[in-house]
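A look at the structure
Given next are the chains, with one letter for each unit.
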Amino acid sequence: MPAIEPKPHQDLNPLSDPDFRATTRHWIEANYPPHLRNPQRRLHIAEGRPWYDALSRQGWLAPNWPREHGGMGLSPAKHLILIEELERHGAARLPDQGITMVGPLLIRHGTEAQRAYHLPRILSGEIIWCQGYSEPDAGSDLAALRTSAVREGDEWVINGQKIWTTLGMDGDWIFVLARTDAQAPKQKGISFFIMPVTTPGIEIRPILNLDGHDEFCEVFFHDVRIPADSIVGEVNQGWTIAKNLLGFERIFLGSPFQATGALDHLMRLICHLGRQDDPAIRAMLNELRMELEDHKSLYTTFANQVRRGESLGPDVSMLKINLSALYQKITDRMIAIAGEHAALLDPLQDDQSLYPASAFIQARPHSIYGGSSEIQKNIVAKHVLGLSETMR
Ligand SMILES: Cc1cc2nc3c(=O)[nH]c(=O)nc-3n(C[C@H](O)[C@H](O)[C@H](O)COP(=O)(O)OP(=O)(O)OC[C@H]3O[C@@H](n4cnc5c(N)ncnc54)[C@H](O)[C@@H]3O)c2cc1C
């Protein structure tokens, strides 16, 4: 039973953690659109809109924004519980760049006018944001970005190209890192800009992923003129303010949720194929179950740090490395036992909840986004193990 029936915008921090969990679990079960549970692919905003609107009306869209800016003002511990409950229910990830990145960044570094215009529009879903950081030759080495912003009178003129812009076709505004000083050391000559994607000179081209889904875009900037006040923070401070965003949220990249869902998918596939009594399959499943338990225990170690109010160190990179490897291993096994079904991206004809080939493909990018596994290993090597460049 829920501890309380939460009113829209009610402050839930006074609840105990168990009461908060019961309350959020009940509310999510009662309000999440059933047809959107555990979606096979990343949803476009048109598909996710009913859920965005429900969260918006309840005041639950922005768990970690301060309450004076329309957020829930949750403690990290309660935010963690909310995420766990959303994942447990199979809630889809919304186009959330405005909520997780732009909002917090404007709250810390924006002008009063930027905050007054944008924060309410993020919270109402009137403006959906997309992230223009990566470029064809600047991904892991993002500071090598070449998109330029040149000041001309009262305007900035942007030229260049971004790539891998998740759901860029759904965005109303884009936030962009661009070079404002070509002579400065590379991290020091970058600034942070915001602009509507309808600004003349911006061209957006969808890219299909391996799964045939238009998940990404390329975004081209041809002499794009934006007003001088489209910059956030100071000129050449873009790198610093963008980096400051990474807080305890890094733990979510290593949440056991995706591996748990994939293992459940694998077990259902095995039963569907009638292989559940095969001793080799049972041994394989037991091994994966134990590895998942190991991962959950690693996650709990970091989650407890968050609950105690401690900040996460560079060792949290281990969580994402481990999760990526496990998630991909589970879907590798799915392909290995799927037989002829491994060749088809579509769900199985006689059970639409099974789609092994698509699940395999969806697990691949986990070791790329949010810092690739190799980059995370470099972080662990350097900042946790203290290995020098030459030793590596
Ligand atoms: C699902 C998904 C969503 C994304 N969404 C967005 C988005 O919305 N906006 C956005 O701006 N970007 C987005 N990206 C891009 C993402 O940030 C980049 O793909 C990522 O930073 C890697 O950059 P890259 O693709 O250029 O690969 P590269 O950096 O070229 O890396 C290629 C390979 O080399 C390895 N490598 C690179 N440098 C080193 C090193 N120093 N040591 C060891 N190995 C190294 C990498 O690990 C990788 O295996 C998304 C990517 C994915 C997969």
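Residues numbered from 1 in each chain as written. Predicted model: local features only at pLDDT ≥ 70, side-chain atom pairs only at ≥ 80, totals over all residues. Heavy atoms only, no water.

**Considerations on the overall build of the protein chain**
Here is the rule we go by: Secondary structure follows DSSP: runs of H or I at least 4 residues long count as helices, runs of E at least 2 residues long count as strands, and numbering of each begins at the N terminus. For a compact globule the rule gives 2.2 Å times the number of residues to the power 0.38, and the radius of gyration it is set against comes from C-alpha atoms. Using a 1.4 Å probe on the protein chains alone, a residue whose accessible area is under 20% of its type maximum counts as buried, one over 50% counts as exposed, and one in between counts as partly exposed. In this description, contact between two residues means that some pair of their heavy atoms is separated by no more than 4.5 Å. All accessibility values rest on the Shrake-Rupley procedure with a 1.4 Å probe; residue burial counts only the protein chains present in the view. Positive charge is attributed to Lys and Arg, negative charge to Asp and Glu, and no charge count is given to His or to the chain ends. Every charge is mapped onto a representative atom, which is NZ of Lys, CZ of Arg, CG of Asp or CD of Glu.
Along its length, the protein chain carries eleven helices and eight strands. Radius of gyration (C-alpha) of the protein chain: 22 Å, near the 21 Å computed for a compact globule of 392 residues. Along the first, second and third principal axes, the C-alpha atoms of the protein chain reach 75 × 50 × 45 Å. Expressed as a percentage of the 392 residues in the protein chain, the buried residues total 48%. Considering only intrachain contacts with a sequence separation of at least 6, the fraction spanning at least 24 residues in the protein chain is 71%. Entry remark: accessible area of the protein chain is about 18,600 Å², with carbon and sulfur atoms responsible for 53%. Seen as two clouds, the 39 positive and the 48 negative side-chain charges of the protein chain have centres 4 Å apart.

**Some remarks on the UniProt feature "domain: Acyl-CoA oxidase/dehydrogenase middle" (unreviewed entry) in the protein chain**
Where we set the bar: UniProt positions are given in the numbering used here, feature names are shortened, and annotations may be inferred rather than shown by experiment.
UniProt tags residues 130-224 as "domain: Acyl-CoA oxidase/dehydrogenase middle" (unreviewed entry). Along residues 130-224 one finds 0% helix and 47% strand; the C-alpha atoms at either end are 17 Å apart.

**Looking at the domain arrangement of the protein chain**
Threshold: These domain boundaries are the output of an automatic or database domain assignment.
Per the domain assignment, the segments of the protein chain are domain 1 (17-94), domain 2 (129-237) and domain 3 (248-384). A C-alpha centroid distance of 32 Å is found between domain 2 and domain 3.

**Overview of the pattern of salt bridges**
Basically, it comes down to this: Definition used for salt bridges: Asp or Glu carboxyl oxygen within 4 Å of a side-chain nitrogen of Lys or Arg.
Evaluated as defined, the whole model comprises 26 salt bridges. Residue Arg225 is joined to Glu155 by a salt bridge in which the shortest nitrogen-to-oxygen separation is 2.8 Å. Placement of the pair is Arg225 in strand β7 (residues 216-227) and Glu155 in strand β3 (residues 155-162), with a sequence separation of 70 residues. The exposure class of Arg225 is partly exposed, given its relative accessible area of 39%. With a closest N to O distance of 3.2 Å, Arg268 and Asp264 form a salt bridge. Residue Arg268 and its partner Asp264 are both found in helix α7 (residues 257-272); the two are separated by four residues, about one turn of the helix.

**Let's talk about the side chain of Ser230**
Spelled out, the test is: Here a polar contact is recorded for every N or O atom pair within 3.5 Å, except that within protein the pair must consist of a potential hydrogen donor and a potential acceptor, and residues adjacent in sequence are included only if both atoms are side-chain atoms.
Turning to its location among the elements, Ser230 is positioned in the loop between β7 and β8 (231-232). Residue Ser230 is classed as buried on the basis of its relative accessible area of 7%. Side-chain polar atoms of Ser230 contact the backbone oxygen of Pro227, separated by 2.7 Å. Not counting residues within four places of it along the chain, the set of residues in contact with Ser230 comprises Gln114, Phe192, Phe193 and Ile194.

**Regarding the site of the ligand**
We apply this condition: By convention in these notes, a residue is near a molecule or strand provided one of its non-hydrogen atoms lies within 4 Å of it. Under the convention adopted here, Pro, Cys and the residues Ala, Val, Leu, Ile, Met, Phe, Trp and Tyr are nonpolar, Asp, Glu, Lys and Arg are charged, and Gly plus all remaining residues are polar.
Neighbouring residues of the ligand: 18 residues in total, closest Ser134, Ser140, Thr166, Ser372 and Glu374. One nitrogen or oxygen atom from the main chain of Gln131 is found 2.9 Å from a nitrogen atom belonging to the ligand. Contact with the protein chains covers 65% of the free accessible surface of the ligand, which is 970 Å². Sorting elements by how many residues they give to the shell around the ligand places helix α11 (residues 373-384) first, with three residues. Here the shell around the ligand is composed, by residue class, of seven nonpolar, nine polar and two charged. Residues lining the shell around the ligand come from more than one domain, with at least three contributed by each of domain 2 (129-237) and domain 3 (248-384).

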